[in-house]
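What follows is each chain in one-letter form.
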2 protein chains.
Amino acid sequence: MSKDLTIDRTPEAVESPLLIHGILESGVRSAPEQEIVYADQRRYSYRELERRVHRLAGALAACGVKPGDTVAVMDWDSHRYLEAFFAIPMMGAVLHTVNVRLSPEQILYTLNHAEDDVILVNREFLPVLEELKDRIETAKTFILLDDEGGNLDSKLDLAGEYEALLQKAPDQYDFPLLDENTRATTFYTTGTTGLPKGVYFSHRQLVLHTFAGRAALSGSGHGRFNQDDVYMPITPMFHVHAWGVPYVATLLGVKQVYPGRYVPETLLKLLLTEKVTFSHCVPTIIQMLLQAEAAKSIDLSGWKVIIGGSALPKPLAKAALARGIDIYAGYGMSETCPLISVALLTPELEKADAETQADYRSRTGRPVPMVQWRIVDTDMNDVPHDGKSQGELVLRAPWLTQGYLKDEDNSRELWRGGWMHTGDIGVIDGDGWLKITDRIKDVIKTGGEWVSSLDLEGLILQHDAVAECAVVGVPDEKWGERPVALVVKSGEVDEDAIKTLLSGYADDGVISRYGVPDRVVFVDELPRTSVGKLDKKKMRAELV
Amino acid sequence: MSKDLTIDRTPEAVESPLLIHGILESGVRSAPEQEIVYADQRRYSYRELERRVHRLAGALAACGVKPGDTVAVMDWDSHRYLEAFFAIPMMGAVLHTVNVRLSPEQILYTLNHAEDDVILVNREFLPVLEELKDRIETAKTFILLDDEGGNLDSKLDLAGEYEALLQKAPDQYDFPLLDENTRATTFYTTGTTGLPKGVYFSHRQLVLHTFAGRAALSGSGHGRFNQDDVYMPITPMFHVHAWGVPYVATLLGVKQVYPGRYVPETLLKLLLTEKVTFSHCVPTIIQMLLQAEAAKSIDLSGWKVIIGGSALPKPLAKAALARGIDIYAGYGMSETCPLISVALLTPELEKADAETQADYRSRTGRPVPMVQWRIVDTDMNDVPHDGKSQGELVLRAPWLTQGYLKDEDNSRELWRGGWMHTGDIGVIDGDGWLKITDRIKDVIKTGGEWVSSLDLEGLILQHDAVAECAVVGVPDEKWGERPVALVVKSGEVDEDAIKTLLSGYADDGVISRYGVPDRVVFVDELPRTSVGKLDKKKMRAELV
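Sequence order sets the numbering: in each chain, residues are counted from 1 along the sequence as written. Working convention: letters from A go to chains and numbers from 1 go to ligands, in the order in which they are written. This being a predicted model, a pLDDT of at least 70 is required before a residue's local features are given, and a value of 80 or more before pairs of side-chain atoms are given or counted; all residues contribute to the totals for chains, interfaces and linings. Here the side-chain values reflect all heavy atoms present in the structure, with hydrogen atoms and water set aside.

This part takes up the sheet that holds strand S18 (residues 391-396) of chain B. Residues and elements named next belong to chain B. The strand order across the open sheet formed by 4 strands is S17-S18-S19-S20, and the pairing between neighbours is antiparallel. Of all the strands in the sheet, the pair left with one neighbour each is strand S17 (372-376) and strand S20 (434-439). Here the strands of the sheet are splayed against their neighbours by 45 degrees on average, with no regard to which way each runs. Bridging between S18 and strand S19 (residues 420-428) involves 4 bridges; their strand directions are antiparallel. Residue pairing across strands places Gly391 opposite Gly426, the latter belonging to S19. Pairing between strands is defined by DSSP: at least two bridges between them are needed. Only DSSP runs of H or I with at least four residues qualify as helices, and only runs of E with at least two residues qualify as strands; both kinds are numbered from the N terminus onward. Working convention: axes come from line fits to C-alpha atoms, limited for helices to the stretch in contact. Angles between N-to-C directions cover 0 to 180 degrees.

Right, here's the structure in full:
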């Protein structure tokens, strides 16, 4: 007799689905008077947030938004964006967070590819849409976002201004009881090759990501995100939902501060006046803040900052630690919702010296709950967890994108063998710490060996007069590829000094002899993608 | 055109199911060297826990356990029980946690009703099974649990002794990738009427309960359960998985201490030697510990204790607070997995005086994330959240039992109207705090009014010479019912003193005039059910 393994359900029983609604409800219940702050423009309570989320849904419904529609947002980080994070998915619609740093042509591609029905657009980006007007295929309704509550003069037929529409909407919207697998959000990842690719996440995925994030980040000890923190993102809300942290923050019921556009002086002022204690950003931002004149007179100690987007350079970790910043790396990507690992120190490592701490804090970290990871060779065989053997990181977790939007080939390639391929190469040590050593595409194949461009960059950055650096492989007839270093100076340094430094490491066996670059090129700035990542494709193209 | 609202899945993509395996994996990864302690018998690491879970699965498989089978455990709180919490569901089998405090006839009923295939039995309960031997219908395999690693002499044909079987099993078991809706656990709830009723929970439900528990309990401020705590349950593991906290503890990676049978001297000794900081128990246990001679010389300050099972009397809360214990109520029941709410203070209330704190700490609390609750009248209409209007508490959450095992009538009654009916009457105030005022069955209907037996008990307990008390309604021709108080003395007090006390409250309008009992009966102890709850059915029967 075969036994039925799944549970019996009584016809009347409701097993509540995992919906974004529950995150908002929990936060409002636990901290109704807690504050949401938008730069120096606006300040209101969680209770008011809930009311405005209901009003936004009502306003969008009045504009014709139905379940299954896609609503795009083009805005800097704001309370409005937070409202959209909740209201749009809670209606059963899909929130498309548009990367406003893309070129107009790329923006147009994503608006049409996502089949957006409605676009909420900050006045700052209105000219872009006006220019694209005749080529926007599906979106017919445009809503203006304007801090000044501005007028509706535009070449576009604007349906109204956000605040005015909210004021006309009722306090209560009857949100539907959705299937938890309903699509909630979509956005586009721009690799260095090809067209932007759309990823997408369901209510279930976002809720589980929020709970796992809560479990990974909160608690006792350094770096933890708790009820008494004050949160300010410095990773755009259009980029992987600001790493999903606004959802974690809302579940926690903490004070949230949205800074608008990222201007160093504004960020530092908000840090000080709003007593911000928890943030996340890419390395470039923290570097910029540390170097800002205004930062010199501000006490940054105790500020907890997760660094992601690209690897946290150890010298930067040390510089931040020296200012008392509780800095550590996190890891993820657009395809992973994004949280996969954090480099929170164990209680033993918290007692270690600054050098050791900086080493661990700048690693890729250990996995958050419910993430399974492997490091595999090209045949999907596991490589040893010895801290030395390199392989590709592949993943399973309850919140990974189930494919690329309308792109079956790339979807199947992403998920080949039933594991999500990150395209990152790394090593895992005996204690379970991961360190990403390179992108598969960026690893330099020279003289029959794989040389990590990130390793070389880390070593070059140790030179006092090097501000930034990137190493790429350029084609070479004899060796396959040869490394070339691009360096931004912060003082006196020349090509020989860099080569001598690396030759020393090669003598010591830290890197392969093949790893010493043939050329060092000094540049004013490194080419970056729209989201601030090093654009190695462009570098290689320029160097050939 | 109708739009498909659910997300697309690439054929190769795996959206990891929510399995108990993930909880164990996360704990072992984050704290491999952390300790599991079994009284003064045994002590090992999380790494070893994981190995032993694999070995237990191998041992059970060798005994014939297959996916879909049910494996019962009859043990006191132990490391073995924790191993069973993981290994049995992870195999795809169902863990039946047997309430060893039930009568032999009731135990027999549950073993047969759950269709147990294998029973793991502590030597202490072997005589019970030997006696029942010929009437056990489905279980054919018995495994001995014995701290002494004892011999297999028994009227039952024992398949082996637990430790010996584990030693023979391999270090690695290949756990299946299960459907997350696979049944994981079952156990029986014994009301005061009828046969025990079986509830059941899936992997998904237990994982979500664990994450919500983690989110509700950990963080900053009083009462929180964090990585640096030391956990010891004082609610049996057979009773709603010790409220699910062993799963939360494992996810956290904290040190766990299992005390065996609950003996005050053992518990106090473990508190002291293992530096326990976090526990949960019924009110009776904390009262017993506070009164124990050995407790007088022990510093209990900082010990965090959640009280559940029955209401936390305010005087007991005050007595515990006076000893420095961070005590607060939690609420749930067998049907709810069990966690529904906790009475953690808000930051403002943490600053309040002891009297106000005791008042809030002894309420039913505020809901944990993802719980929806309503207070409704008999027609399922919501009553106002004004702190006064009484109604039945009904629930939705992702982890409520979907019915009673093989009992359609009671299942549909439990879930009538699509909400789980708790049978508890309560009030919710404007800040969202719930206070259960009574069981529907225990509320005293007299003179056309509902008088809460719990309210009366709370007032009587304020008398210095009253140790314990219960109030029940007994049939009365004229008034329908009349309240009768049963009192356990701790000093000098007589019937008149109690009546005078309550008449005073009636004069002040705190209770109805009908609420002053006609009779006060002094008893040596109050009748309780097998899980320590007041047995009001028995009291009413004895008083008529």
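Copies overlap after least-squares fitting; the atoms used are the C-alpha atoms of residues with pLDDT of at least 70 in both. Structural alignment of chain B on chain A gives an RMSD of 0.1 Å, achieved by rotating through 180 degrees and translating 0.0 Å along the axis. On this basis, the relationship between the two copies can be described by a two-fold rotation axis. Relative to the rotation axis, the C-alpha of B:Gly219 is the closest in chain B, positioned 2.3 Å from it. Residue by residue, 100% of the interface of chain B is reproduced at the interface of chain A, so both copies engage with the same surface. Here a residue-residue contact requires only that any non-hydrogen atoms of the pair lie within 4.5 Å.

Each regular strand shows side chains that alternate between the opposite faces of the sheet. Residue and element names in this part refer to chain A. Buried residues dominate strand S5 (residues 118-122), accounting for 5 of its 5 residues. Both strand S3 (residues 70-74) and S5 contribute to a ladder of 4 bridges, which runs parallel. In the sheet register, Met74 faces S5, and the bridge partner there is Val121. The pairing of S5 with strand S6 (residues 141-145) spans 5 bridges and is parallel. Paired with Ile119 across the strands is Phe142, a residue of S6. Crossover connection from S5 via helix H5 (residues 126-132) to parallel S6: handedness right-handed. To sort residues, take the accessible area from a 1.4 Å probe on protein chains only and compare it with the maximum for the residue type: under 20% means buried, over 50% means exposed, and anything in between is partly exposed. Every crossover in which the path from the first strand over the helix to the second runs clockwise, viewed with the strands pointing away from the viewer, is termed right-handed.

Moving on: unusual backbone geometry. A cis amide bond, omega 5 degrees, links A:Cys337 with the succeeding residue A:Pro338. Residue position: A:Pro338 is located in the loop between strand S14 (326-331) and strand S15 (341-342). You will see that B:Val240, though not glycine, has its phi angle at about 50 degrees, which is positive. Within the secondary structure layout, B:Val240 lies in helix H8 (residues 240-243). Phi angles above zero are rare outside glycine, and B:Lys275 is one such case at about 55 degrees. Within the element layout of this structure, B:Lys275 appears in the loop between helix H10 (264-273) and strand S12 (278-281). Taking the relative accessible area as the measure of exposure, B:Lys275 reaches 62% and is therefore exposed.

Let us look at the packing of helix H16 (residues 453-460) of chain A against helix H17 (residues 495-507) of chain A. Residue and element names in this part refer to chain A. At their nearest, the axes of H16 and H17 sit 10 Å apart, and the two run at 115 degrees to each other. Considering how the two elements wind past one another, H16 and H17 form a crossing that is right-handed. Facing Leu456, Leu459 and Ile460 of H16, the residues of H17 in contact are Ile498, Leu501, Leu502 and Tyr505. In a left-handed crossing the near helix is turned counterclockwise from the far helix by less than a right angle, and in a right-handed crossing that turn is clockwise.

Here we take up the side chain of A:Ser202. With respect to the helices and strands, the residue A:Ser202 is situated in strand S9 (residues 197-202). Ignoring any residue separated from it by four or fewer positions in sequence, one finds A:Ser202 in contact with A:Glu180, A:Asn181, A:Thr182, A:Arg183, A:Ala184 and B:Ile7.

Our next topic: the interface of chain B and chain A. Taken together, the 66 residues of chain B in the interface contact 67 residues of chain A. Broken down residue by residue, the surface that chain B buries against chain A is led by B:Arg29, B:Met370 and B:Gln402, which jointly contribute 12%. Salt bridge, as used here: a side-chain nitrogen of Lys or Arg that lies within 4 Å of a carboxyl oxygen of Asp or Glu. Applying the counting rule to chain B against chain A returns 8 salt bridges. When the shortest N-O distance is used, the salt bridge between A:Arg412 and B:Glu12 registers 2.9 Å. Here a polar contact is taken to be a pair of N or O atoms separated by no more than 3.5 Å, where protein atoms must pair a possible hydrogen donor with a possible acceptor and residues adjacent in sequence count only if both atoms sit in side chains. Applying the counting criterion to the chain B and chain A interface returns 39 residue pairs in polar contact (both at pLDDT 80 or more). When residues in the side of chain B that touches chain A are grouped by element, the largest group, 8 residues, is from helix H7 (residues 203-217) of chain B. When residues are grouped by polarity, Ala, Val, Leu, Ile, Met, Phe, Trp, Tyr, Cys and Pro land in nonpolar, Asp, Glu, Lys and Arg in charged, and all others, Gly among them, in polar. Class assignment for the residues of the side of chain B that touches chain A results in 26 nonpolar, 21 polar and 19 charged. Accessible-area loss on putting two parts together, using a 1.4 Å probe and summing over both, is the definition of buried area adopted here.

The analysis is restricted to geometry; functional conclusions fall outside its scope.
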